[in-house]
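# Notes for the structure review
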Amino acid sequence: MRILAIDFGKKRSGIAVTDTSGIIAQPLTCVDTAQLMEFLSDYVKKEEVRTIVIGYPRQPNGEDSDSMRYIRPFVGRLKKAIPDVEVEYFDERYTTKIAFQSMLDAGLGKKKRDNKNGIVDKVSASLILQDYLEQKRI
């Protein structure tokens, strides 16, 4: 069964998923946040998903980021729409910065790093998922 992670954004959200054995995280796609619930509902109908991990944005001092005012209502609707799948929050502090830096380190040009195609969001979701998997293995 797969584990899916979401880097939730006001405009668009990055999505990452594990392989069927739930071991390896990989970027999946980026969708407009307005279509996110529909995408997730369709995805869990096609694939067996055990858990959906939502990035939990916090400020450096540990307090909730302003984004939580959008994320909490979404998670409430998600739990009602897909009740058979566990939904968990996972700390996502600095994942966007790490994702951007890793793309720089990989030598991606400025045009490819442009987040209009959602690449930073997908990589961020993948980082959230990888961190989640590593914490669960400890």
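This section reports on the structure supplied with the text.

What counts and what doesn't
- Residues numbered from 1 in each chain as written.
- Predicted model: local features only at pLDDT ≥ 70, side-chain atom pairs only at ≥ 80, totals over all residues.
- Heavy atoms only, no water.
- Salt bridge = Lys/Arg side-chain N within 4 Å of Asp/Glu carboxyl O.
- Helix = DSSP H or I, 4+ residues; strand = E, 2+ residues; numbered from the N terminus.
- Buried < 20%, exposed > 50% of the residue type's maximum accessible area, 1.4 Å probe, protein only.
- Contact = heavy atoms within 4.5 Å.

### Observations concerning the pattern of salt bridges
With the rule as written, the count across this model stands at 4 salt bridges. The residue Glu47 makes a salt bridge to Arg2 at a minimum N-O spacing of 3.0 Å. Here Glu47 is found in the loop between α1 (36-46) and β4 (49-56), whereas its partner Arg2 is found in strand β1 (residues 2-7), with 45 residues between them in sequence. Taking relative accessible area as the criterion, Glu47 reaches 28% and is therefore assigned partly exposed. With relative accessibility at 14%, the residue Arg2 sits in the buried group.

### Describing the environment of Met37
If you trace the backbone, Met37 turns up in helix α1. A sequence separation of 37 residues divides Met37 from Phe74, and the C-alpha atoms of the two residues are 8.4 Å apart. Dropping the residues within four chain positions of it, Met37 is found in contact with Phe74, Arg77, Leu78 and Ala81.

Without other data, these values stay purely geometric and don't point to any function.
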